[in-house]
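Reading the structure
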Amino acid sequence: MIQTIYDLITGPTWSPLVFGLIKTTFIMTIVMTSGLILSWVERKQSAIMQDRIGANRASILGISALGLVNNLADALKGITKEDYIPPKANKFLHTMAPFLACFTATAAFAVLPFGGEIKLPGMAQPIALAIAPMDASLLFVFAMLSIGVYGVVLSGYVSGNKYGTLGALRASAQMISYEVATGLTLLGALMMYQSLDFRVMVQWQQDHCWGILCQPIGFVLFMTATIVEMKRVPFDLPEAESEIIGYSVEYSGMKFMLFLMAEFIETLLFSWIIVLIFLGGWHLPGLHMPDPGQSTQWLGLSLGYGPVVVIETLAFVGKVVFLCWFSMLIRWSLPRFRYDQIMHLGWKIMLPIALGNVVLTSVAILFWPK
Amino acid sequence: MATAKMNFFERIYLPEIAKGLAITARHFGRNMYLHTMHMFGLAKDQDAMVTISYPEVRRPYPLVSRSRHRLTKREDGSPKCVACMMCATACPADCIFIEAEEHPDPSIEKRPKHFDIDMSKCVYCGFCVEACPEDAIRMDTGEFNLAFFDRKALIYDKEFLLNEDPYAVPTGAVAIQKKS
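Given the structure is predicted, the values throughout are model-derived calculations rather than measurements. (Residues numbered from 1 in each chain as written. Chains lettered and ligands numbered in written order. Predicted model: local features only at pLDDT ≥ 70, side-chain atom pairs only at ≥ 80, totals over all residues.)

**Some points on the overall build of chain B**
- When its secondary structure is counted, chain B shows six helices and five strands.
- Over its C-alpha trace chain B gives a radius of gyration of 27 Å, far above what one expects of a compact globule, namely 16 Å for 180 residues.
- Counting only C-alpha atoms and orienting by the principal axes, one finds that chain B spans roughly 85 × 55 × 35 Å.
- For chain B, the residues scored as buried account for 16% of the 180 residues in total.
- Restricting the contact set of chain B to residue pairs at least 6 apart, pairs at least 24 apart contribute 60%. (Helix = DSSP H or I, 4+ residues; strand = E, 2+ residues; numbered from the N terminus. Rg over C-alpha atoms; globule rule 2.2 N^0.38 Å. Buried ≥ 20, exposed ≤ 12 C-beta atoms within 10 Å, placed from the backbone. Contact = placed C-beta atoms within 7 Å.)

**Brief notes about the overall build of chain A**
- Assigned secondary structure in chain A consists of twelve helices and four strands.
- Compactness check: chain A gives a C-alpha radius of gyration of 22 Å against a globular reference of 21 Å for 370 residues, within 12% of the reference.
- Principal axes of the C-alpha set define a box for chain A whose edges measure 65 × 60 × 45 Å.
- In chain A, which comprises 370 residues, the proportion classed as buried is 39%.
- Pairs at least 24 residues apart make up 74% of the contacts formed inside chain A by residues separated by at least 6 positions.

**Digging into the interface of chain A and chain B**
- Listed per partner, the contact involves twelve residues of chain A and 14 residues of chain B.
- Looking at the side of chain A that touches chain B, the elements that each hand over two or more residues are helix H2 (15–49) and helix H11 (305–331) of chain A.
- Broken down by element, the residue count for the side of chain A that touches chain B peaks at three residues, all from H2(A).
- In the side of chain A that touches chain B, the residues fall into eight nonpolar, two polar and two charged. (Nonpolar A, V, L, I, M, F, W, Y, C, P; charged D, E, K, R; others polar.)

**A short note on the pairing of strand E3 (residues 110–118) of chain B**
Residue and element names in this part refer to chain B.
- Sheet topology places strand E2 (residues 96–102) next to E3; seven bridges connect them, and they run antiparallel. Looking across to E3, one finds that Glu-99 is bridged to His-114.
- Bridge analysis of E3 against strand E5 (residues 155–156) gives two bridges, and the strand direction is antiparallel. Residue pairing across strands places Ile-117 opposite Tyr-156, the latter belonging to E5. (Pairing = 2+ DSSP bridges.)

**Examining the environment of B:Asp157**
- You can see B:Asp157 is positioned in the loop between E5 and helix H5 (158–162).
- Residues B:Asp157 and B:Ser65, spaced 92 residues apart in sequence, show a C-alpha to C-alpha distance of 22 Å.

**Considering the nonpolar core**
- Judged by nonpolar contacts, the single largest core of 76 residues is most densely connected at A:Ala101, A:Leu112, A:Ile265, A:Leu269, A:Ile274 and A:Leu276.
- In terms of residue count, the dominant contributor to this core is helix H10 (residues 253–278) of chain A (17 residues).
- Excluding residues that lie within four positions of it along the chain, A:Ile274 makes contacts with A:Phe222, A:Met223, A:Thr226, A:Leu279 and A:Leu323.
- In terms of nonpolar packing, the next biggest core, distinct from the first, is built from 18 residues, B:Leu71, B:Ile96, B:Cys132 and B:Ile155 among them. (Core = buried A, V, L, I, M, F, W, Y, C linked by C-beta atoms within 7 Å.)

**Some remarks on the sheet that holds E3(B)**
- Here three strands make up an open sheet; going across it, the order is E2-E3-E5 (chain B) and the pairing antiparallel. At either margin of the open sheet sits one strand with a lone partner, and together these are E2 and E5 of chain B.

**Here's the deal with helix H9 (residues 216–230) of chain A**
Residue and element names in this part refer to chain A.
- Taking 1.5 Å of rise per residue, the 15 residues of H9 would be expected to cover 21 Å, and the 21 Å separating its terminal C-alpha atoms lies within 8% of that figure.
- In terms of burial, H9 is a largely internal element, eleven of the 15 residues being buried.
- Against the buried residues of H9 lie helix H5 (137–157), helix H6 (162–193), helix H8 (211–214), H10, H11 and helix H12 (339–367).
- Just downstream of H9, Lys-231 is the residue with a positive phi angle, here 60 degrees. (Expected span 1.5 Å × (residues − 1).)

**A few points about helix H2 (residues 14–39) of chain B**
- Here H2(B) spans 37 Å end to end across 26 residues, near enough to the 38 Å set by a 1.5 Å rise per residue.
- All of the buried residues along H2(B) are B:Thr24, B:Phe28 and B:Asn31.
- For H2(B), the elements touching its buried residues are H2 and H11 of chain A.
- B:Gly41 sits one or two residues past H2(B) and shows a positive phi near 75 degrees.

**Considerations on the packing of H9(A) against H12(A)**
Residue and element names in this part refer to chain A.
- Where H9 meets H12, the closest approach of the two axes is 10 Å, and the angle between their N-to-C directions is 145 degrees. Where H9 crosses over H12, the handedness of that crossing is left-handed. Across the interface between the two elements, Ile-217, Gly-218, Leu-221, Thr-224 and Ala-225 of H9 pack against Met-350, Ile-353, Ala-354 and Asn-357 of H12.
- Taken together, the residues that form the contact of H9 with H12 break down as six nonpolar, three polar and no charged. (Axes fitted to C-alpha atoms, helices over the stretch in contact; angles between N-to-C directions. Left-handed = near helix turned anticlockwise from the far one by under 90°.)

**Details of unusual backbone geometry**
Residues and elements named next belong to chain A.
- A cis amide bond links Val-233 to the next residue, Pro-234, at an omega of 5 degrees.
- Locating Pro-234 in the fold gives a position in the loop between H9 and H10.
- Not every positive phi belongs to a glycine, and Gln-194 is a case in point at roughly 60 degrees.
- Checked against the element boundaries, Gln-194 lands in the loop between H6 and helix H7 (198–207).

**Topic: the confidence of the model for chain B**
- Put simply, chain B has an average pLDDT of 86, and 92% of its residues get 70 or more.
- If you check the scores for this complex, the pTM reads 0.84 and the ipTM reads 0.83. (pLDDT = per-residue confidence, 0-100.)

**Topic: the confidence of the model for chain A**
- Averaged over all residues, the pLDDT of chain A equals 87, while 99% of them reach at least 70.
- Of all helices and strands in chain A, the one with the weakest mean pLDDT is strand E3 (residues 296–298) of chain A (76), whereas H10(A) scores best (92).

**A word on the environment of B:Ala88**
Residue and element names in this part refer to chain B.
- Looking at the secondary structure, you find Ala-88 in helix H3 (residues 86–90).
- When the 17 C-beta atoms within 10 Å are taken as the criterion, Ala-88 is described as partly exposed.
- Spatially, the C-alpha atoms of Ala-88 and Ala-131 are 9.2 Å apart, while their sequence positions differ by 43 residues.
- Apart from the residues within four sequence positions on either side, Ala-88 is in contact with Ile-96 and Ile-98.

**Things to note about the packing of H6(A) against H9(A)**
All names here are of chain A.
- The interhelical angle for the contact between H6 and H9, taken along N-to-C directions, is 155 degrees, at an axis separation of 9 Å. As the angle between them shows, H6 and H9 are arranged roughly antiparallel. With respect to the hand of their crossing, H6 and H9 are arranged in left-handed fashion. For the pair H6 and H9, contact is made by Gln-174, Met-175, Tyr-178, Ala-181, Thr-182, Thr-185, Leu-186, Gly-188 and Ala-189 and by Gly-218, Leu-221, Phe-222, Ala-225, Thr-226, Val-228 and Glu-229, respectively.
- The residue inventory of the contact of H6 with H9, partitioned by class, reads nine nonpolar, six polar and one charged. (Parallel < 35°, antiparallel > 145°, perpendicular 65-115°, else oblique.)

Following this line, the structure appears as structure tokens:
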């Protein structure tokens, strides 16, 4: 009986649907809870960094779960608060903007792999560990992020508030100018990988060396540009909640929280991308994937196929978690830039360096084709 | 004011940013290590944070700090106060109300029938304590946590000011609670 069901779901008819559903559920669970988890991480990590204790007062039946219940309380508050649409706002677009911001960040995860391929016994085709891997994955991600600007611009523009409009203009100027830098910083790495497919990039890094070693300048620049794209401190000029008013001024309740959630999802998204492009994805030095039934030597251990898959997945998750931690570390260490400093950094410093990096990489590829 | 000129390494930001991140990461590592050790009951002598979990834990206050008043007692438990009105006269906020009556003991002239302090007016100057010839009023309870939903609850009467129970609730507050 069990064998029959197994044959059915691994058969050519049903396997794309079944495994597609499993993978989608897996990714969506991670992405949707990341807003909750990362806001908790942000609170607690900032508290620990600053010798504080952090949010710990909310509890269910006396269990505060290290402050996690606070975030549930926040969600409850967001849902039950008044959802106010200003009379001058365009109702449809005002409602759509936060969803657009959140949707684009989430949709980008469709092409991001979280592992190589796994082979199950009895299946002809290996299963790719990504919802919809495609050759132009990176382009898809960038396309989605570009649409994300619309969410921000719309939210400020249609809310019928001068400050909102100004905030949206600031945000769009910042995001669009850094989109140039983001693309160009990656160009050097793409020239080496010769592909826009994340799986090919990881394979290249497995065969040669990690992107952070071949492209150190590109790594630092891309890291900086992603923080600007995420609109987080030290580049949170669009919101700047402590002194100037940003695009989300006319939003309340869960719609406002959606903007925050989009920010956290983008944190996860960019950590994911950086791991794939610069930190070797799921690859660990010295560890090679054996064929099913074979085993490989690593750190003096003999590992079969299954353990290697698990170790590689854990390595990938560990790298993503580390980068999320690092982005929080930056967020709670550095003071905010001034607006002209951001533009100066983007156009006069990062753009020329990124172009120089492209030239340098071309020369390197020309003389050492390996 | 001229800004100090930055040298090349300061102008390319990155070394300075790395220094800053090293400081915060060091704090994170140290505190995270201590928090983990505390979970297992180790290294209790080192604090992982400077936060004091008020109101469960309170900072020790200096002895000279002035806090809520109390009335001191004679050996028989009656107030030392002789209703001389010195404190009420000295009070710049005019928040002490005393009504005197005859004391049964002929060697003592008067005693207070009512002794109310309106804590919503009190400025904690301590002049009443200085003015008192009998050491009948003191500001050494260590209590300054006065928060109520009604101003009437902040008028402390003689019974409450004589009460030595640190968890006592002012009489006015009790009356308001009973009414509602």
